[in-house]
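Here is how the chains run, residue by residue.
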Amino acid sequence: MTIQQVEFLIIGGGPGGTPTAMALAAAGKSVMLVEKGQGLGGTCLFEGCIPSKIFRESARRLRELRESGQFGLCLPTQDVTVNWSAVLERKRTILQQRGEAALHKTGQLPTLKTVFGSCSLLDPRSAVIESEIGERVEVHFEKAILSTGSVPFLPPIKGSDHPRVYDSESILNIDHIPKRLVIIGGGPIGVELGQVFKTFGSEVSILETASRILGPVDEELGSHLQQRMTDDGIDIQTNCKVRAIVTTGQGVFVEYNIEGGEEQHKIADTVLMVTGRRPNVNGLGLEKTGVQHDAHGITVNATLETTEAGIYAVGDVTGQPMFAHWATAQGLALARHLMGQPVKFPTTETNTAVIFSEPEIGIAGLTEQQAKQAGLNVQVARYDYKQDARAQIAGCADGLLKIIFDTDSRRVVGVHILVEGAGELMGEAALLIKSGIPIEAVAAAIHPHPTLTESFVMAARNVMSQQTKQANSAAKNP
Ligand SMILES: Cc1cc2nc3c(=O)[nH]c(=O)nc-3n(C[C@H](O)[C@H](O)[C@H](O)COP(=O)(O)OP(=O)(O)OC[C@H]3O[C@@H](n4cnc5c(N)ncnc54)[C@H](O)[C@@H]3O)c2cc1C
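Residues numbered from 1 in each chain as written. Predicted model: local features only at pLDDT ≥ 70, side-chain atom pairs only at ≥ 80, totals over all residues.

Trainee: When you look at the overall build of the chain in this model, what are you seeing that I'm missing?
Mentor: Per the secondary structure count, the chain includes twelve helices and 23 strands. Relative to its length of 478 residues, the chain is compact, with a C-alpha radius of gyration of 25 Å against a globular reference of 23 Å. Taking the principal axes of its C-alpha atoms as reference, the chain extends roughly 80 × 65 × 50 Å. Each of the 478 residues in the chain was classed as buried or not, and the buried ones make up 43%. By sequence separation, contacts in the chain at least 24 residues apart represent 63% of the contacts at least 6 residues apart. (Helix = DSSP H or I, 4+ residues; strand = E, 2+ residues; numbered from the N terminus. Rg over C-alpha atoms; globule rule 2.2 N^0.38 Å. Buried ≥ 20, exposed ≤ 12 C-beta atoms within 10 Å, placed from the backbone. Contact = placed C-beta atoms within 7 Å.)

Here is the structure:
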């Protein structure tokens, strides 16, 4: 057993822990970053954002090839097949490159020591690491940051331990394209992977407990996507309670009830359970400290300090929202705070997210409903991509943009977009909200033509011209 002393101990090397460790070490602090997985990058790199988007990119290109006829291209699309092992190999290569790049970057910071092993707190100022080569290291720290992420939450459904039942992590290593895939859970991961496997040729059913898929998303956008998925041949059952997964010689039977109705079942060869994620606190030794947590995550205050002074937490382990960029934003703000710099911690009102569905959904700030619940007087500027030049050219004119603005301050408080490529528009949306830009300034900004970014300006101009019409008619008919 060796004993080491550091200023900062960071447990978990995902998008929360790694940038935090690097920011502190770049300022000369002595930092130890401990990661128990295969490399630096966390769920995002190895079991989340990146592998799922690699699958999605292959599916997107396949779909584009199939739709090439509408662009006047004559391709023998029936000859286009999926080489699944090549898709998996591409994923392996990208993950390896990104993992190595992360290690290289951290290795260049002389005061940052990265240790691979599992770390557990011994008391409020020390921890033990069981390293991957069997060594035990005891670490004494001045401050610790917990960034241990989250793990799949699987409700206790009978039969869910069968090898043909996958979770959001194991499905990313499946060695074949399923023929009949039943997905339990209509959240972002279920929707994303459902569409991906449908494009690859699987028969896909989604069973969702709530009355619609993608519950927290703007209702109009969510319903539009649900209709689009149904039109594309994905079977979506809502208000659905799954009771059991039964495996027989004929396949895997997923048994469920539609609210108030009789028992039904779907037959599958593969089941994917994507029923949410829970904060990962197992084996972290929290009981040896004053750090409190519940089912939602580790309790933190406005500066991300836990209920034990000197121990902080960032990212998924603190609960919702669970996004890689959110974990990083929290971690970087915390690093500045710990270095004594003035900082505004991120707030959910300025957060952004993308659901990588087909078409994508971009979310920034508040929905109309959330803004009203927060006591704001709001109005919605809308734009239908059916009229949009770039969307027509690109063959993706199915979509809608909604800008929510406060009618008193005129500031934009929310942007919600459904269109292919929405993800690339969310940077602008984030800046509008973060900088408190008024809707009039959006209408006056010059955006290049023909690009999807024009939609912001068009939506703002639409609402301005409606207001002018209303003011004119009020002046004529006082
Ligand atoms: C299928 C899927 C798709 C996703 N897609 C997106 C997306 O497109 N965009 C997006 O923003 N987010 C996405 N996410 C969510 C995103 O992956 C997480 O929000 C993000 O990884 C959280 O970062 P984190 O640092 O908090 O935790 P993690 O990335 O989970 O990292 C925690 C790390 O801590 C390590 N660890 C845990 N316990 C210990 C211990 N005791 N000792 C040492 N190390 C420990 C773990 O091995 C892990 O590497 C997706 C998630 C999934 C599952």
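Trainee: I keep staring at the site of the ligand and nothing clicks. Help me out?
Mentor: Around the ligand, the surrounding shell holds 38 residues, and the nearest of these are Gly-12, Gly-14, Gly-42, Gly-149 and Gly-315. Counting residues per element, the ones that place at least two in the shell around the ligand are strand S2 (31-35), helix H2 (42-47), helix H3 (49-66), strand S3 (112-123) and helix H7 (324-338). Counting residues per element, the shell around the ligand draws most heavily on H2, which supplies four residues. For the shell around the ligand, the residue count by class is 14 nonpolar, 20 polar and four charged. (Near = placed C-beta within 6 Å. Nonpolar A, V, L, I, M, F, W, Y, C, P; charged D, E, K, R; others polar.)

Trainee: Is there a simple way to think about the sheet that holds strand S21 (residues 378-384) in this case?
Mentor: Think of a sheet as strands paired side by side through backbone hydrogen bonds, with each pair either parallel or antiparallel. With respect to topology, five strands assemble into an open sheet ordered S19-S20-S23-S22-S21, the strand pairing being antiparallel. Single-partner strands in this sheet number two, and they are strand S19 (352-355) and S21. Across the sheet, the mean angle separating the axes of adjacent strands is 10° when strand polarity is ignored. Where strand S22 (residues 400-406) meets strand S23 (residues 412-418), six bridges bridge the pair, whose relative direction is antiparallel. Paired with Leu-401 across the bridge in S23 is Ile-417. Along the sheet face, helix H6 (residues 219-231) touches strand S20 (361-365), S22 and S23 and points at about 5° away from the line of S23. (Pairing = 2+ DSSP bridges. Axes fitted to C-alpha atoms, helices over the stretch in contact; angles between N-to-C directions.)

Trainee: It is not clear to me how the packing of H3 against helix H5 (residues 188-200) should be interpreted in this structure. Could you clarify?
Mentor: When two helices pack together, their arrangement is given by the angle between their axes and by how far apart the axes lie. Put simply, H3 and H5 touch, their axes get as near as 9 Å, and they point 45° apart. Here H5 runs oblique to H3, going by the angle between their axes. You can see that H3 and H5 cross each other, and the crossing is left-handed. Two secondary-structure elements touch here, H3 through Ser-52, Phe-55, Arg-56, Ala-59, Leu-62 and Arg-63 and H5 through Glu-192, Leu-193, Val-196, Thr-199 and Phe-200. (Parallel < 35°, antiparallel > 145°, perpendicular 65-115°, else oblique. Left-handed = near helix turned anticlockwise from the far one by under 90°.)

Trainee: Explanation requested: the sheet that holds strand S9 (residues 203-207) in the structure shown.
Mentor: Ordered by their spatial adjacency, five strands build an open sheet running S7-S14-S8-S9-S10, and the pairing between neighbours is parallel. Here the strands that pair on one side only, and so sit at the sheet edges, are strand S7 (165-167) and strand S10 (235-237). Taking the axes of each pair of neighbouring strands and ignoring which way they run, one obtains an average angle of 20° across the sheet. Alignment of S7 against strand S14 (residues 270-273), held across three bridges, turns out to be parallel. Bridging from a neighbouring strand, Tyr-166 pairs with Leu-272 of S14.

Trainee: Even after reading the chapter, I still don't get H5, so can you show me in this structure?
Mentor: Along an α-helix, residues three or four positions apart point the same way, because every turn accommodates 3.6 residues. Between its first and last C-alpha, H5 extends 18 Å over 13 residues, near the 18 Å set by a 1.5 Å rise per residue. Counting buried positions along H5 gives twelve out of 13 residues, so the element sits mostly inside the fold. Those residues of H5 that are buried lie in contact with H3, strand S8 (180-184), S9, H6, S14 and S19. Directly after H5, the chain includes Gly-201, whose backbone phi takes a positive value near 115°. (Expected span 1.5 Å × (residues − 1).)

Trainee: Would you mind going over the domain arrangement of the chain with me for this structure?
Mentor: Bring the parts together and some accessible area is lost; that lost area is often taken as the interface size. Taken domain by domain, the chain consists of domain 1 (2-151 + 278-346), domain 2 (165-275) and domain 3 (349-470). At the interface, nine residues of domain 1 touch five residues of domain 3. When grouped by side-chain class, the residues that make up the side of domain 1 that touches domain 3 number five nonpolar, one polar and three charged. (Domains from an automatic or database assignment.)

Trainee: Whenever I open this one, the pairing of S2 confuses me. Can you help?
Mentor: It is a general feature of regular strands that their side chains alternate between the two faces of the sheet. With five of its five residues buried, S2 lies for the most part within the structure. Considered for its hand, the β-α-β crossover made up of strand S1 (residues 2-11), helix H1 (residues 17-26) and S2 is right-handed. (Right-handed = clockwise from strand over helix to strand, strands pointing away.)

Trainee: Quick question: what am I supposed to make of the packing of H3 against helix H4 (residues 84-107) here?
Mentor: Where H3 meets H4, the axes come as close as 10 Å, and the angle between the chain directions of the two elements is 140°. Judged on the interaxial angle alone, H4 and H3 are oblique. Two packed elements cross with a definite hand, and for H3 against H4 that hand is right-handed. Residues Ile-50, Pro-51, Ile-54, Phe-55 and Ser-58 of H3 pack against Val-87, Arg-90, Lys-91, Ile-94, Leu-95 and Arg-98 of H4.

Trainee: Please clarify how the nonpolar core should be interpreted in this entry.
Mentor: One broad rule of soluble globular proteins: the nonpolar side chains tend to lie buried together. With 75 residues, the main nonpolar core has Val-271 and Ile-403 as its most contacted residues. No other element matches the six residues that helix H10 (residues 422-434) contributes to this core. Counting contributing residues, this core receives three or more from each of domain 2 (165-275) and domain 3 (349-470). In contact with Ile-403, other than residues within four places in its own chain, are Ala-381, Val-412, Val-415, Ile-439, Phe-456, Ala-459 and Ala-460. Counting residues in each nonpolar core, the second largest holds 51 residues, with Ala-25, Leu-112, Val-291 and Ala-313 among its members. (Core = buried A, V, L, I, M, F, W, Y, C linked by C-beta atoms within 7 Å.)

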